[in-house]
Amino acid sequence: AAFPAAGQQTKIVLGYTTAADFVPAFVAKDKGLFDKRNLDLTLMRIALASNVPSVLVSGSVQIGMGTAPAFLQAAEGGLDLVAICGVSRFKKENPMSSLVARAGLKIENAGDLRGKKIGVPGLNSFFDVVFRKWLLNNKVALNQVSFVETPFPQMRDLLKGGTIDAVLAIEPFRTRIVGDSTGYQVADVVSEVHPDLLGAFWMATGDWAKANAGAIKAFREAYAEAIAWSLQNPAEAKTLEAKYLGVAGPVVPTYSTEVRAADLEFYAAVGREIGSLRQPVDVSKLIWK
């Protein structure tokens with residue numbers, strides 16, 4: 001499949017959430033890497049990752065960020081979505097997130113969370129599901145903890161106000177919460193569950209992907225180029241992070257365009273364990289070739 005022909009721009013609305021993982025998208029937009037491949041791309045910020053499948057299906061977004069739990073749940077429910085390009089991985093040697101507890105509380109381990117309210121960025125989001133797995137691994141029953149939907153940018157204020165007791169915070173928000181002593185880090189929940197996990201990826205509806213194979217190829221090339229640029233120009237990448245997210249942190253995510261069947265199989269097993277998935281899902285059909 002060739003790129004869209006000259007003069008035939010493919011219009012794409014790209015839906016992202018507020019996390020440092022998406023800096024290469026801001027770079028590709030800002031540096032004209034989409035434009036030069038005839039992709040007329042508009043960025044749209046979406047408050048909660050769990051809202052992305054519905055905006056894709058409605059057609060208001062053509063490519064949207066996904067995390068495996070909601071993606072697999074959508075597939076189980078019969079929605080035709082495909083993963084078209086990876087965004088990031090969570091690696092133990094580069095921790096991007098933490099369970100962060102409110103200053104003044106004594107929370108040292110999973111057991112201390114019994115009876116507490118924990119902010120997660122969307123129910124059935126990546127952090128919600130991985131955190132539930134971590135609780136089970138640590139012998140804490142899921143009904144002993146309250147889960148509260150809390151977008152990343154609001155976590156600090158809700159901790160400060162005492163509405164919630166702890167949050168699953170990602171960069172750049174984690175640094176901000178810990179930096180002004182609103183909270184303190186308890187555990188790298190993600191790495192304790194798995195040392196190398198698929199984080200976010202880009203997804204589209206199967207119908208859109210079939211009709212726009214050339215545009216997907218162009219998007220992947222632009223995105224890979226943007227990742228390389230971000231790593232070569234870290235200071236300028238941080239400037240764009242602040243411009244698009246309103247805040248920048250010191251950590252650079254582990255960017256990766258890879259999505260493997262094994263990545264999705266891990267989440268499918270966790271989903272069945274915590275009860276968010278009922279049926280087996282054929283993950284091989286969910287990755288766009």
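Structural notes, computed from the coordinates. Being a predicted model, the structure only gives us computed values, none of them experimental.

Turning next to the overall build of the protein. Helix and strand counts for the protein stand at 11 helices and 13 strands. At 19 Å, the protein has a C-alpha radius of gyration in line with the 19 Å of a compact globule built from 289 residues. Once the C-alpha set of the protein is aligned to its principal axes, its extents read approximately 60 × 45 × 30 Å. When burial is assessed residue by residue, the protein has 57% of its 289 residues classed as buried. Here the contacts in the protein between residues at least 6 apart in sequence split such that 81% fall between residues at least 24 apart. Surface summary for the protein: the accessible area is close to 11,600 Å², and the carbon and sulfur share equals 51%.

With that out of the way, let us pick up the pairing of strand β4 (residues 81-86). Counting buried residues along β4, 6 of its 6 residues qualify, which places the element largely inside the surrounding structure. Both β4 and strand β12 (residues 200-205) contribute to a ladder of 5 bridges, which runs antiparallel. Bridge assignment links G86 to a residue of β12, and that residue is F201.

In this section: the sheet that holds strand β6 (residues 97-102). Taken in spatial order, the 5 strands of this open sheet run β8-β7-β9-β6-β10, and their pairing is mixed. The sheet terminates laterally at β8 (146-149) and β10 (183-187), the two strands that pair on one side only. Each strand axis lies, on average, 35° off the axis of its neighbour in the sheet, ignoring direction. Alignment of strand β7 (residues 117-120) against strand β9 (residues 166-170), held across 2 bridges, turns out to be parallel. By the bridge assignment for β9, G119 is matched with V167. Contacts from helix α4 (residues 126-137) reach β6, β7, β8, β9 and β10, with the element oriented near 170° to β8.

On to the packing of helix α9 (residues 213-232) against helix α10 (residues 234-245), then. One way to put it is that α9 packs onto α10 with a least axis distance of 5 Å and a crossing angle of 110°. Judged on the interaxial angle alone, α10 and α9 are roughly perpendicular. Side by side, α9 and α10 meet where W229, S230, L231 and Q232 of the first sit next to P234, E236 and A237 of the second.

Another point: the side chain of R89. Checked against the element boundaries, R89 lands in strand β5 (residues 88-91). The residues touching R89, leaving out its near neighbours within four places in the chain, are D196, L197, L198, G199, T254, S256, E258, R260 and D263.

Evaluation of the coordinates by the stated rule reveals 19 salt bridges. A salt bridge links D263 to R89, with the shortest nitrogen-to-oxygen separation between them at 2.7 Å. One end of the pair, D263, is in helix α11 (residues 261-274); the other, R89, is in strand β5, with 174 residues separating them in the sequence. The class for D263 is buried, based on a relative accessible area of 7%. With relative accessibility at 4%, the residue R89 sits in the buried group.

Rules used throughout
- Along every chain, residues carry numbers that run from 1 in the direction the sequence is written.
- For a predicted model such as this one, the threshold for reporting local features is a pLDDT of at least 70, and the threshold for listing and counting side-chain atom pairs is 80 or more; totals across whole chains, interfaces and linings nevertheless cover every residue.
- Calculation of side-chain values draws on the structure's entire complement of heavy atoms; hydrogens and water are dropped beforehand.
- Only DSSP runs of H or I covering at least 4 residues are called helices, and only runs of E covering at least 2 are called strands; the numbering of each starts at the N terminus.
- C-alpha atoms define the radius of gyration, and 2.2 Å times the number of residues to the power 0.38 defines the globule rule.
- Only protein chains enter the accessibility calculation, which uses a 1.4 Å probe. A residue is then buried if its area is under 20% of the maximum for its type, exposed if over 50%, and partly exposed in between.
- Two residues form a contact once any of their heavy atoms are found within 4.5 Å.
- For the accessible areas, the method is Shrake-Rupley and the probe is 1.4 Å, while residue cover comes only from the protein chains on display.
- The pairing criterion for strands is at least two bridges between them, as found by DSSP.
- Only the contacting stretch of a helix is used when fitting its axis, a line to C-alpha atoms as for every element, and angles between N-to-C directions run 0 to 180 degrees.
- Angle categories are assigned with fixed cut-offs, so that under 35 degrees is roughly parallel, over 145 is roughly antiparallel, 65 to 115 is roughly perpendicular, and the rest are oblique.
- Whenever a carboxyl oxygen of Asp or Glu lies within 4 Å of a side-chain nitrogen of Lys or Arg, that contact is scored as a salt bridge.

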